[in-house]
Amino acid sequence: MSHKTLKVYSPFDQSLLEEIKMDGKKEVEDALEKAYSLFQDRKKWIPSHQKTAILEKVGDLMKSKIEELTITATKEGGKPYQDSKVEILRAINGVKIASEEIGRLTGHQIPMGLTQASVNRLAFTMREPIGVVVSISAFNHPLNLIVHQTVTAFAAGCPVIIKPASTTPMTCLALVKILEEAGVPEGWIQPLILDNENSEALVTDSRVNYLSFIGSAKIGWFLKSKLSPGTRCALEHGGAAPVIVEPDADFIEMVPALVKGGFYHAGQVCVSVQRIFAHESIARKLAEEMAKSALKLIVGDPLDPKTEVGPLILPKEVDRIEEWVNEAIKQGGEILCGGKRISETCFEPTVVWNPSQEAKVSKEEIFGPVVCIYPYSDRDEAINLANSLPYHFQAAVFTKDLDIAFDTVQKLNANAVMVNDHTAFRVDWMPFGGRDASGEGMGGIPYSMKEMTREKLMVVKSKYL
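A quick note: this is a predicted structure, and the numbers were derived from the prediction, not measured. (Residues numbered from 1 in each chain as written. Predicted model: local features only at pLDDT ≥ 70, side-chain atom pairs only at ≥ 80, totals over all residues. Heavy atoms only, no water.)

Attention shifts here to the pairing of strand E5 (residues 132-136). With respect to burial, E5 is a largely interior element, 5 of its 5 residues being buried. In E5, alternate side chains face the same way, and those of Val132, Val134 and Ile136 on one face and Val133 and Ser135 on the other are all buried. The pairing of E5 with strand E8 (residues 208-214) spans 5 bridges and is parallel. Paired with Ile136 across the two strands is Phe213, which belongs to E8. In terms of strand pairing, E5 meets strand E6 (residues 160-163) through 4 bridges, oriented parallel. (Buried < 20%, exposed > 50% of the residue type's maximum accessible area, 1.4 Å probe, protein only. Helix = DSSP H or I, 4+ residues; strand = E, 2+ residues; numbered from the N terminus. Pairing = 2+ DSSP bridges.)

Structure representation (structure tokens):
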């Protein structure tokens, strides 16, 4: 039977980069059987000191291939070279964080003797790997997300099967080669290139103990509904990140931060700055300053080190964003800069002034280079609007008043609120995840590793205790 192939195209010029053989039902079954049998046989579990040594070697090998990995990620993902290089360095640091976290996966003592029935006992918990992990990844950070979804599982002691995004599989396969070269034993980290049907069969198999999913909310929540009983999951979906800006905000610091947060990777980040609610006394000035900065951004070939904003991942995304922006104009939004497609694959960085709250740019995740700015007179009303969508991931407030900052942090419905910084700030050791429609469970390397383990309680009874 001939295998289907996956064609990987450059998001910038649509040139064919590679053709990769796709895996089918047999490969799914083989991978699950291999991962499951590894986990079931405790003799095959890898000691912590060995995992640490392997991950140190992974980090060294990645350091020796920084340029190669940067070029691969840039070509297939479209994130500009300068930002892709930062991602590669983050991923290397992520491997180090996971390695260091192995020694922190500990249990704790449970007090006994507090009642007559519990005397003569010693109790403590231990952490064990949860079992087989399946990770489904997204395109927008083609190396760092794979590290977050595979190295964490390996470090926690779980065999993991990784399915990269169909638009960016090359970086994942490059990392798996490095992992193998560093000595990860066969079967512990297995990549599969799958269509949707086979992905669903993989995820919903009863041998899977944990699903890590980063991507579309529609697919994520659907897959969760089909999981086998007992399979835990972490789902990371999109947001429509809100920012509250008070009149005392520092423009010199704020404008570059908001421009970076809104247009980094052409806005294709789940926590991109999307909706800025600024006090009416400064809102127009802020919008015009942002438009002035956005106009200066260099859009184009991501392989050019000068490029600041690259292409959208697929031409159909450019079509969608064009439709949404045109709808926003029809409903009263004013375009202060951008608003038009540059090519089949690139869209101008766009600032929209006060679009209708009913327009898609105000109600849905844009996932493109578009930022909306709305004036407000009452901060609580602005916060209510910020919270009115079902998506709650990361948010921000700009103010020099500590009381207002604390009040706003408390009232914004988000898993993380940045004070005087953009919504897309992230480091790999912090908790990271959406709540409500934006996701479930917690990412961030130490947090993922903890989720990929479970506690076992031991109670020892002895008359000498």
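The discussion continues.
On to the packing of aromatic side chains. Under the criterion given, the structure shown has 4 aromatic pairs. Ring geometry for Phe139 and Phe367: centres 6.1 Å apart, planes at 90 degrees, overall edge-to-face. Taken as a pair, Phe139 in the loop between E5 and helix H5 (144-156) and Phe367 in the loop between helix H12 (360-363) and strand E14 (370-376) lie far apart in primary sequence, 228 residues in all. On the basis of relative accessible area, Phe139 is assigned to the buried category, the value being 13%. (Phe/Tyr/Trp six-rings, centres within 6.5 Å; stacked < 30°, edge-to-face > 60°.)

It is worth spelling out the sheet that holds strand E3 (residues 109-110) at this point. Strands sit in the order E3-E4-E20 across an open sheet of 3 strands; the sheet is antiparallel. Either end of the sheet is taken by a strand with one partner, and the two such strands are E3 and strand E20 (453-461). Of the strand pairs in this sheet, E3 and strand E4 (residues 121-129) are connected by 2 bridges, and their pairing is antiparallel. Across the sheet, residue Gln109 finds its bridge partner in E4, namely Phe124.

Interpretation in functional terms is not warranted from these geometric data alone.
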